[in-house]
Amino acid sequence: MTDTQLEHWRRVGLLPANTPIRQGFGGSSSQPAPGAADLVTWLGSHARRGQRTYDIALRAFGDGHAVPEPTVRAAFLSAVSPALPEPVAGGKDAGDLAQDAAVRLPGRDTTALIPQRIRRIDARIKAAGLSFAPAELLSFDKGRGLAEPFSPADFQLMATTVALDGSELNGTGMAALVRSMSPAGAAVPSASMLEFPDGVQATELADDAGNTLLPTGDVRAELRRVVEESTLERLHAGWMAAVERRAWALDLCDTVQAELATGTVGDAVLQWMMATAFGLMRMEIQSAVHQRPTPHGTACTAVMLLWQAQQLTWLQKIEPDGLYHLFSALLPPYMLRLLGLEPIGLVDALKAIATADPE
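Calculation rules
- Residues numbered from 1 in each chain as written.
- Predicted model: local features only at pLDDT ≥ 70, side-chain atom pairs only at ≥ 80, totals over all residues.
- Heavy atoms only, no water.
- Helix = DSSP H or I, 4+ residues; strand = E, 2+ residues; numbered from the N terminus.
- Buried < 20%, exposed > 50% of the residue type's maximum accessible area, 1.4 Å probe, protein only.
- Contact = heavy atoms within 4.5 Å.
- Areas by Shrake-Rupley, 256 points an atom, 1.4 Å probe, with all protein chains shown as cover.
- Axes fitted to C-alpha atoms, helices over the stretch in contact; angles between N-to-C directions.
- Parallel < 35°, antiparallel > 145°, perpendicular 65-115°, else oblique.
- Left-handed = near helix turned anticlockwise from the far one by under 90°.
- Nonpolar A, V, L, I, M, F, W, Y, C, P; charged D, E, K, R; others polar.
- Phe/Tyr/Trp six-rings, centres within 6.5 Å; stacked < 30°, edge-to-face > 60°.
- Polar contact = N/O pair within 3.5 Å; in protein donor to acceptor, adjacent residues only side chain to side chain.
- 1 Å grid on protein atoms, 1.4 Å probe; cavity = no way out; pocket = protein on both sides within 12 Å on 5 of 7 lines; lining within 4 Å.
- Points joined across faces, edges and corners; volume = space filled by probe spheres on them.
- Expected span 1.5 Å × (residues − 1).
- Salt bridge = Lys/Arg side-chain N within 4 Å of Asp/Glu carboxyl O.
- Core = buried A, V, L, I, M, F, W, Y, C linked by side-chain atoms within 4.5 Å.

Quick word on the overall build of the protein
Along its length, the protein carries 18 helices and two strands. Here the protein holds 359 residues, and the buried ones make up 43% of them. For the protein, the share of sequence-separated contacts (at least 6 apart) that also reach a separation of at least 24 residues comes to 71%. Approximately 19,000 Å² of the protein is accessible, and the part contributed by carbon and sulfur atoms is 55%.

Here's what the structure looks like:
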């Protein structure tokens, strides 16, 4: 390790400055900051010329090293601030700007909403004689088949529009997205609940201070606020959840395929069917399988997961009578941990739900 390398890492914010120490008779010296030695060893093994500073910082932070806090926060802020036009630019509204941006973004015509591996698993489940639209679920799906399916271009437009103006979120649009990510003909009660809400809609939930469940403006501002207000420990928990998310999704795919190969309908296949019926977990699986595990993408996912956990915690405060005992069966383990809940087995979760007091 050379002095030039050490000075470069300090200059770009990867390594903290030495801590000054006062000595007697007016003298002074310095010593490395706590954790700096381990960080230097890590950088010597992993930092390479040409890598982006923020990518190196995120990887080191994710591995538990003492990267300077300003660099960590700047790296997370960069990850949640995609280069989209501002809603007020050029006098255009969010919808017009989103249309322009979505056309320019890559992948809009080639990225399938359902990854190929997910489609193969769905097909094998159907071939095994299992239905994604059993009678027990059909009775809870009033809107089955009503929503127009999304194309990849439609998805890109919606994602860009929501990023610019969260108020564009509505039950019908979210339902269309959920159905488009489900197998053809599947019964999806969660989408039906969005299309035919019983009571207050998710887009209408707010507290006395004006806080809302869903963002009402530029979503990037909400995500930046999460980064700015979270402790480093919380940001690291989000990072670990994002890493676990992909590993969990891939492991579930492997286990489902293994069960189908042996003709066994076990916990994994049951979880897959439930994820499809209730939407959120299905979207998590598909997003995790589809996403490339880059430092930038992992950081963005981490902040999104922290925001979701924050909003679910807020929801329990303003709507205390909700069916939150369903979390144990409907949320993936990494999200349960972010909520301070201990994940339990699917069978145990279903038993707990079945025996829960509805009051």
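What to know about the packing of helix H4 (residues 69-79) against helix H12 (residues 232-261)
Contact pair H4 / H12: the axes reach a minimum separation of 11 Å and the direction vectors enclose 45°. One element, H4, and the other, H12, form an angle in the oblique class. Between H4 and H12 lies a crossing of left-handed hand. Counted together, Glu69, Val72, Arg73 and Phe76 of H4 and Leu232, Leu235 and Trp239 of H12 form the full contact between these two elements. Across the contact of H4 with H12, the residue classes break down as five nonpolar, no polar and two charged.

What about the packing of aromatic side chains?
Per the counting criterion, the structure on display carries three aromatic pairs. Both rings, one in Phe61 and one in Phe76, keep their centres 5.9 Å apart while their planes meet at 85°; by these two values the pair is edge-to-face. A residue pair is termed long-range when its members are at least 10 positions apart, and Phe61 in helix H3 (residues 53-62) and Phe76 in helix H4 qualify at 15 residues. Accessibility expressed as a relative area gives 0% for Phe76, which makes it buried. An angle of 75° between the planes, with centres 5.7 Å apart, marks the rings of Trp248 and Tyr334 as edge-to-face. Residue Trp248 is found in helix H12, and its partner Tyr334 is found in helix H17 (residues 333-338); the two are separated by 86 residues along the sequence.

Notes on the environment of Arg73
Position of Arg73 relative to the elements: it lies in helix H4. According to the relative accessible area criterion, Arg73 is buried, its value standing at 17%. Along the primary structure Arg73 and Tyr54 are separated by 19 residues, whereas in three dimensions their C-alpha atoms are 9.8 Å apart. A distance of 2.6 Å separates the side chain of Arg73 from the backbone oxygen of Val227, its partner in a polar contact.

So, H4
Along H4, the residues classified as buried are Thr71, Val72, Arg73, Ala75, Phe76 and Ala79. Elements in contact with the buried residues of H4: H3, helix H11 (219-229), H12 and helix H15 (295-318).

Side note on the side chain of Arg282
Tracing the chain through its elements places Arg282 in helix H14 (residues 280-290). Relative accessible area serves as the criterion here: at 3%, Arg282 is assigned to the buried category. A distance of 2.9 Å separates the side chain of Arg282 from the backbone oxygen of Met181, its partner in a polar contact. A distance of 3.2 Å separates polar atoms of two side chains, one belonging to Arg282 and the other to Thr276.

As for the environment of Met304
Here Met304 lies in helix H15. Along the backbone, Met304 and Val80 are 224 residues apart, and their C-alpha atoms lie at a distance of 8.7 Å.

Quick look at the layout of surface pockets
The space that makes up the second largest pocket amounts to roughly 320 Å³. Among the elements that make up the lining of the second largest pocket, the one with the highest residue count is helix H1 (residues 3-11) (four residues).

Observations regarding helix H13 (residues 267-278)
It helps to recall that an α-helix has 3.6 residues per turn; residues three or four apart then point in one direction. In this model, H13 (12 residues) spans 16 Å end to end at C-alpha, consistent with the 16 Å of a helix rising 1.5 Å per residue. Most of H13 is tucked away, with nine of its 12 residues classed as buried. Taken together, the buried positions of H13 are occupied by Ala268, Val269, Gln271, Trp272, Met273, Met274, Ala275, Thr276 and Ala277. A positive backbone phi angle near 80° is found at Gly279, which sits one or two residues after H13.

Concerning the pattern of salt bridges
According to the stated counting rule, one finds nine salt bridges in the structure shown. Between Arg52 and Asp55 there is a salt bridge, and its shortest N-O distance comes to 3.2 Å. Given the relative accessible area of 18%, Asp55 is considered buried. The salt bridge involving Arg282 is made with Asp122; its shortest N-O contact spans 2.7 Å. Linking Arg282 in helix H14 with Asp122 in helix H6 (residues 116-127), this pair joins segments that are 160 residues apart in sequence. Taken as a pair, Arg282 and Asp122 share a single burial class, namely buried. Within this structure, Glu222, Arg225 and Glu229 form a network of salt bridges that share partners.

Some points on the nonpolar core
Counting 76 residues, the largest nonpolar core has Trp9, Leu43, Phe76, Val256, Trp272 and Ile285 as its most contacted members. Look past the residues within four positions of Phe76 in its chain and what remains in contact with it is Leu58, Phe61, Val227, Leu235, Trp239, Ala299, Ala302 and Val303.

Side note on the packing of H11 against H15
One can describe the packing of H11 onto H15 by two numbers: an axis separation of 10 Å at closest approach and a directional angle of 90°. On the basis of their axis angle, the class for H11 and H15 is roughly perpendicular. On H15, the residues that touch Glu222, Leu223, Arg225, Val226 and Val227 of H11 are Val303, Met304, Leu306, Trp307 and Gln310. Grouping the constituent residues of the contact of H11 with H15 by class yields seven nonpolar, one polar and two charged.

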